[in-house]
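Residue strings, one per chain:
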Amino acid sequence: LGGVHDHHAHVLLGGLGLDALQLSELETLNDVEAEVRRYAALHPEAGWIVGRGWRYSMFPGGQPTRALLDAWVPSTPVLLKSYDGHAQWTNTAGLKRAGSTRETTDPNNGTIVRSSNGEPTGLFLEGARAMIEDAAPPLTDRVQMDALERAADYLVSRGVTKVDDMVYRDAEERVRLYRALRSEGRLPIAVRVFPVLEASADEESLTDLAG
């Protein structure tokens, strides 16, 4: 295939992001508040409000807190990823769904940011992000396939015809979804899936799925 080959992409996240709350173009905290409130009002049926793109510079000390989100969205769990993907910000409803309390210990590869009294502030860094992400309802095959197709269509519209998808969990499942898309004629792009392997693993590190 002609066109651009993107050697490092997170295709599912990108596809989900195209349909999620987008904060990356916003300049101020007031803008973020207005957009979060607007999105929540437009999606009253949502089990979770999911979005991404906030910037650390908008907040004192670079750290948003659940108190802000509680004021904007008091009852629906909110999950907002930072622009660089290294932090997740949630509200009290999200913390309750995750079962995160002052007694919850940090994972080895991440940090639950806490207030001076030890309570979680609503900010999860690096490997701790999974603790809150895993509390959200699992994505169905159909939702994931639609997101992968949406991302593939977007990439093709930008001249990308082959992509290396970096998959950090459930790589075999991702390959299964891509094959299902291909069988339905919904994969307009060539894909290589790169799973993260354990040090002792002895398996192929990539799978070609020609579009």
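Data block above holds the structure.
A quick note: this is a predicted structure, and the numbers were derived from the prediction, not measured.

The rules behind the values
- Residues numbered from 1 in each chain as written.
- Predicted model: local features only at pLDDT ≥ 70, side-chain atom pairs only at ≥ 80, totals over all residues.
- Heavy atoms only, no water.
- Pairing = 2+ DSSP bridges.
- Helix = DSSP H or I, 4+ residues; strand = E, 2+ residues; numbered from the N terminus.
- Axes fitted to C-alpha atoms, helices over the stretch in contact; angles between N-to-C directions.
- Parallel < 35°, antiparallel > 145°, perpendicular 65-115°, else oblique.
- Contact = heavy atoms within 4.5 Å.
- Nonpolar A, V, L, I, M, F, W, Y, C, P; charged D, E, K, R; others polar.
- 1 Å grid on protein atoms, 1.4 Å probe; cavity = no way out; pocket = protein on both sides within 12 Å on 5 of 7 lines; lining within 4 Å.
- Points joined across faces, edges and corners; volume = space filled by probe spheres on them.
- Buried < 20%, exposed > 50% of the residue type's maximum accessible area, 1.4 Å probe, protein only.

**Looking at the sheet that holds strand β3 (residues 49-54)**
Item 1. Ordered by their spatial adjacency, 6 strands build an open sheet running β2-β3-β4-β5-β7-β6, and the pairing between neighbours is mixed. Every interior strand has two partners, whereas the edge strands, β2 (21-22) and β6 (110-114), have only one.
Item 2. Bridging between β6 and strand β7 (residues 120-126) involves 4 bridges; their strand directions are antiparallel. Paired with Thr 111 across the strands is Leu 125, a residue of β7.

**Re the packing of helix α1 (residues 11-18) against helix α6 (residues 141-157)**
Item 1. Close contact between α1 and α6 brings their axes to 7 Å; oriented N to C, the two are set at 90°. Between α1 and α6, the crossing angle belongs to the class labelled roughly perpendicular. From α1, Val 11, Leu 12, Gly 14, Gly 15, Leu 16 and Leu 18 reach across to α6, where they touch Val 143, Gln 144, Ala 147, Leu 148, Arg 150, Ala 151 and Tyr 154.
Item 2. Residues that form the contact of α1 with α6 fall into these classes: 9 nonpolar, 3 polar and 1 charged.

**Considerations on the layout of surface pockets**
Item 1. One number sums up the size of the second largest pocket: a volume of about 440 Å³.
Item 2. Looking at the second largest pocket, it is lined by 17 residues, and the ones nearest its centre are His 10, Leu 13, Gly 14, Gly 15 and Leu 18.
Item 3. Contributing elements (two or more residues each) for the lining of the second largest pocket: β1 (4-9), α1, β3 and α6.
Item 4. When residues in the lining of the second largest pocket are grouped by element, the largest group, 6 residues, is from α1.
Item 5. Residue composition of the lining of the second largest pocket, grouped by class: 8 nonpolar, 7 polar and 2 charged.

**Points about α1**
Given 3.6 residues per turn, any residue in an α-helix points the same way as the ones three and four places further on.
Item 1. All of the buried residues along α1 are Val 11, Leu 12, Gly 15 and Gly 17.
Item 2. Against β1, β2, α6, β8 (160-167) and α7 (171-183) lie the buried residues of α1.

Fair warning: the whole summary comes from geometry, so function is off the table for now.
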